[in-house]
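Reading the structure
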Amino acid sequence: MYPQRGGSRPAEYRPAPPCIPACVTAIVLGADPWVTVVCDTRRTGDVLPQLIQEGRCLYVILLMALYWCTEALPLAVTALLPIVLFPFLGILPSNKVCPQYFLDTNFLFLSGLIMASAIEEWNLHRRIALRVLMCVGVQPARLILGMMLTTSFLSMWLSNTASTAMMLPIANAILKSLFGEKDTSKDMIRENEETQAPLQQNKLYTVPTEMQFLASTEDKDLAEEKEITSDTLSDLKKEEEYKTNIWKGFLISIPYAASIGGTATLTGTAPNLILLGQLKSYFPECDVVNFGSWFMFAFPLMLIFLLMGWLWISILYGGIDLRGWRTKKSNVRVDAEARAREVIKEDYQKLGPTKFAEQAIFFLFCMFAIMLFSRDPKFIPGWASLFAPGFVSDAVTGITIVIILFFFPSQKPSLRWWFDFKAPNTETQPLLTWRKAQETVPWNIILLLGGGFAMAKGCEESGLSVWIGGRLHPLEGVPPPVAVILITIVIALFTEFASNTATIIIFLPVLAELAIRLKVNPLYLMIPGTIGCSYAFMLPVSTPPNSIAFSSGHLMVKDMVRTGLLMNLMGVLLLSLAMNTWAKSIFQLGTFPAWANIHAENATSLLPAVENVTLSALNKI
């Protein structure tokens, strides 16, 4: 009755049902034009438009991924494409696409950005950084630790880029105090470059002119001598190499600490909020991820990774000398450390006494963190339980605190003014003005988040996520712990060349469907993918903090690759350890949750209708 595959039309050829053009069916399914579609006419009329819609949504996603990876358009402009393409291609109406750009998750992120603007406006972040550096000490290893602790703490609340840009000038000032501004030792080496050819070839003393090193007073006395012994030159060479390595260690530790610190809070970096937004889109009943539960999971991971990273950087760049840790420090280094201590103290004193505005912002910042953490910490009832369930979210908490910044006075109010009728009615400056917020808040990130949520909504409504899940059969036999490691490695490598935000937007739908196929909690795969996006340490183009540090001129690509390779490996292993230990109790990862089971039932209900459309042709997709 039904024809076989072949190059010529069979005698008993039966055309496809009138509801489906045969040529369109063949093209969509990638089948032979003479393949007959064996299906129920009543069902196929519904299935084919569904397949066409999936293909259109896939086209939009691939186009946006291409633009995000190549930056042919600005990232924020690419994020606006769903507003245009989804309605025109019949994927989603505009009244469903546009609201995705201002979900409550976007307002949570916006509240964090505005709070960061207020902190930067009154230099509270600089006061905190200098105070921490004064406490940790000025030995190179301790200074690197102080830099990493301060940067990671600031990155939990500010953007990674802003934290790096703020800490690098402080690091440069400290390094100048340690090594000075005039490079007399380099002049001595240049005078003897003809007799010291190997030294010239190694170029261990070469650094950019704007950051030249200063030899000690002992070296200055030696520089006045015309004849320099080979032992002196050897010592100068070692000292110059030590200075260069310490400088590199300082610069490379700051962007790494910013990337690690951003993972500790939901508002620390954009991929964390994209996970939250896509969870609400794919699994509306999922309520286990909020600011408090995320902090309980990610903060210990951040501390462990930060400590491991500090040990690796300090050992690699000479901050910690395992062979000569008992040797007495030379007077040169003792004097340099004393100068560095004075520079830090002098910079701190320049800030003057703590202003009323700084105290007010610090208090509001603490309230911001405490209220977000205690809203619904899961292990005890939070203050949100006093209100109707589902009415108060993290966005409500953040915006509540942020609004206070725009009317709270920046100067201590005087009660005498209320009773003195002759007092002038002068306008009081608030802690933050809207003009300042407009200038400092990176609004493009808000649009980028919205583009990710719109893409996720398109995948869900078009059925593309279900189609992706149907193509993941080969991975069903992979053990979940192995899947976590593989996912983290793949995403960490991919994000070395692409934007972190774009990477997680592309991968999260795939990870959600893979978890459904493996019958594991979706968070077990989606959380490692999200955090893995921040573990990009190997290349200058991987993250904006890496680019900022590299632009100083002291780092080479091989320095970042050598340091970042082990950082990536440590991140993958520590993340796998966290997911299989304390994360299981926080997010209930040991069971397949009911909120994921509902999604799985909805997905599988669509698969039989699609599979009836010629299985042999569908396998070619």
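Since this is a predicted model, take the numbers as computed values, not measurements. The numbering scheme is per chain: residues are counted from 1 as the chain's sequence reads. Residue-level local features of this predicted model are given only where pLDDT is at least 70; pairs of side-chain atoms are given and counted only at 80 or more, and the full residue set underlies all totals for whole chains, interfaces and linings. Derived side-chain values reflect all non-hydrogen atoms in the structure, with water molecules and hydrogen atoms excluded from consideration.

Before going further, it helps to examine the overall build of the protein chain. Working definition: helices are DSSP H or I runs of at least four residues, strands are E runs of at least two. Numbering for both runs from the N terminus. Scanning the protein chain from N- to C-terminus turns up 30 helices and zero strands. Buried means the residue's accessible area, taken with a 1.4 Å probe over protein chains only, is under 20% of the maximum for its type, while exposed means over 50%, and partly exposed covers the values in between. Per-residue burial over the protein chain gives 51% buried out of 621 residues. Contacts are residue-level and defined by heavy atoms, with any inter-residue pair within 4.5 Å sufficient. Expressed as a percentage of contacts within the protein chain between residues at least 6 apart in sequence, the contacts between residues at least 24 apart total 81%. To be clear on the numbers: accessible area is Shrake-Rupley with a 1.4 Å probe, and residue cover counts the displayed protein chains and nothing else. Looking at the protein chain as shown, the accessible area adds up to about 29,300 Å², and 62% of this sits on carbon and sulfur atoms.

With that out of the way, let us pick up unusual backbone geometry. Look at K519: it is not a glycine, yet its phi comes out positive at around 60°. Residues other than glycine seldom take positive phi values, yet Q588 does so here, at roughly 50°. Considering the arrangement of structural elements, one finds Q588 in the loop between helix 28 (582-587) and helix 29 (594-611).

Moving on: the environment of L464. Here L464 lies in helix 22 (residues 464-470). The buried category is assigned to L464, whose relative accessible area is 1%. When the C-alpha atoms of L464 and E54 are compared, they prove to be 4.9 Å apart, with 410 residues separating the residues in sequence. For L464, the residues in contact, after removing those within four places along its chain, are E54, C57, L58, I61 and C459.

What makes a patch is a set of residues exposed beyond 30% relative accessible area and free of salt bridges, joined within 9 Å when like-charged and within 5 Å when nonpolar (Val, Leu, Ile, Met, Phe, Trp, Tyr). Put simply, a salt bridge is a Lys or Arg side-chain nitrogen that is within 4 Å of an Asp or Glu carboxyl oxygen. Together, I304, L307, M308, L311 and I315 make up a nonpolar patch on the protein surface, roughly 380 Å² of accessible area in all. On the secondary structure map, I304 appears in helix 15 (residues 291-316).

Once that is clear, we can look at the packing of aromatic side chains. Classification of ring pairs rests on two measures: the distance between centres of Phe, Tyr or Trp rings, Trp counted by its six-membered ring, which must be within 6.5 Å, and the angle between planes, read as stacked under 30 degrees, edge-to-face over 60 and tilted in between. Taken as a whole and assessed by the stated rule, the structure comprises 19 aromatic pairs. Judged by centre distance (6.4 Å) and plane angle (80°), the ring pair of F153 and F365 falls under edge-to-face. Highlighted residues: F153 in helix 8 (residues 140-155) and F365 in helix 17 (residues 356-374), separated in sequence by 212 residues. Ring centres of F305 and Y535 lie 5.0 Å apart, and the angle between their planes is 75°; this geometry places the pair in the edge-to-face category. Linking F305 in helix 15 with Y535 in the loop between helix 25 (523-532) and helix 26 (544-550), this pair joins segments that are 230 residues apart in sequence. Both residues of the pair, F305 and Y535, count as buried. Taking the ring centre of Y348 as reference, the NZ or CZ of R127 above it sits at 5.6 Å. Two limits define a charge over a ring: the Lys NZ or Arg CZ must be within 6 Å of the ring centre, and within 35 degrees of the ring normal.

Below, the discussion takes up helix 4 (residues 81-88). Every buried residue of helix 4 is listed here: L81, P82, L85 and F86. Across the axial projection of helix 4, the buried residues extend over an arc of 100°, all falling on one side. Positive phi shows up at G90, right after helix 4, with a value of about 75°. Our arc is simply the arc of the directions from the helix axis toward the C-beta atoms.

Here we come to helix 25. Where burial is concerned, most of helix 25 is hidden: ten out of the ten residues are buried. Taken as a whole, helix 25 has its buried residues at L523, Y524, L525, M526, I527, P528, G529, T530, I531 and G532.

For every residue, the pLDDT score states the predictor's confidence, bounded by 0 at the bottom and 100 at the top. Scored by pLDDT, the protein chain comes out at a mean of 76, with 74% of its residues at no less than 70. Contacts for the low-pLDDT stretch residues 182-227, under 50 throughout, to residues beyond four places or in other chains number 72 contacts. In the predicted structure, residues 606-621 sits below a pLDDT of 50 and forms 30 contacts with residues beyond four places in sequence or in another chain.

As a further point, take the environment of G450. Turning to its location among the elements, G450 is positioned in helix 21 (residues 443-462). By relative accessible area, G450 is classed as buried at 0%. Not counting chain neighbours up to four residues away, the residues in contact with G450 comprise Q100, Y101 and N106.

As for its position among the elements, G318 is in the loop between helix 15 and helix 16 (331-350). Here G318 falls in the partly exposed class, since its relative accessible area comes to 28%. It is 6.4 Å that separates the C-alpha atoms of G318 and I246, two residues lying 72 residues apart in sequence. In contact with G318, other than residues within four places in its own chain, are Y242 and I246.

Across soluble globular proteins, nonpolar side chains show a tendency to be buried alongside one another. Counting 153 residues, the largest nonpolar core has F283, F297, L525 and F587 as its most contacted members. If you tally residues by element for this core, the top one is helix 24 (residues 500-518), at eleven residues. Side-chain atoms within 4.5 Å are what join buried Ala, Val, Leu, Ile, Met, Phe, Trp, Tyr and Cys residues into a set we call a nonpolar core.

With that settled, the discussion passes to the pattern of salt bridges. Overall, the coordinates contain nine salt bridges when judged by the stated rule. For K350, the salt bridge is made with E346, and the minimal N-O distance between the two is 4.0 Å. With K350 and E346 both in helix 16, this residue pair falls four residues apart, about one helical turn. What makes K350 exposed here is its relative accessible area of 62%. Overall, the relative accessible area of 42% leaves E346 in the partly exposed class. R375 is the partner of D394 in a salt bridge, and the nearest nitrogen-oxygen pair spans 2.6 Å. Note that D394 is positioned in helix 18 (residues 394-405) and R375 in the loop between helix 17 and helix 18, a separation of 19 residues in sequence. A residue is classified by how much of its surface remains accessible, and D394, at 6% relative accessible area, is buried.

A separate point is the side chain of T267. Considering the arrangement of structural elements, one finds T267 in the loop between helix 13 (230-261) and helix 14 (270-282). Given a relative accessible area of 4%, T267 falls into the buried group. Ignoring any residue separated from it by four or fewer positions in sequence, one finds T267 in contact with L108, F109, M156, L273 and F291.

Next up on the list: the side chain of S393. Within the fold, S393 resides in the loop between helix 17 and helix 18. For S393, a relative accessible area of 17% puts it in the buried group. Discounting chain neighbours no more than four positions away, the residues touching S393 are D104 and R375.

Here the focus is the packing of helix 15 against helix 27 (residues 557-579). Note on geometry: axes are C-alpha line fits, over the in-contact stretch for helices, and angles between N-to-C directions span 0 to 180 degrees. Between helix 15 and helix 27, the least distance of the axes is 10 Å, while the angle of their chain directions is 150°. As the angle between them shows, helix 15 and helix 27 are arranged roughly antiparallel. In this structure, helix 15 crosses over helix 27, and the sense of that crossing is right-handed. Along its contact with helix 15, which presents F297, L301, I304, F305, M308, G309, W312, I313 and L316, the element helix 27 presents R562, T563, L566, M567, M570, G571, L574, L575, A578 and M579. Geometric relationships in this document are graded by angle, where less than 35 degrees denotes roughly parallel, more than 145 denotes roughly antiparallel, 65 to 115 denotes roughly perpendicular, and other angles denote oblique. Working rule for handedness: look at the near helix, and if it is turned counterclockwise from the far one by less than a right angle, call the crossing left-handed; if clockwise, right-handed.

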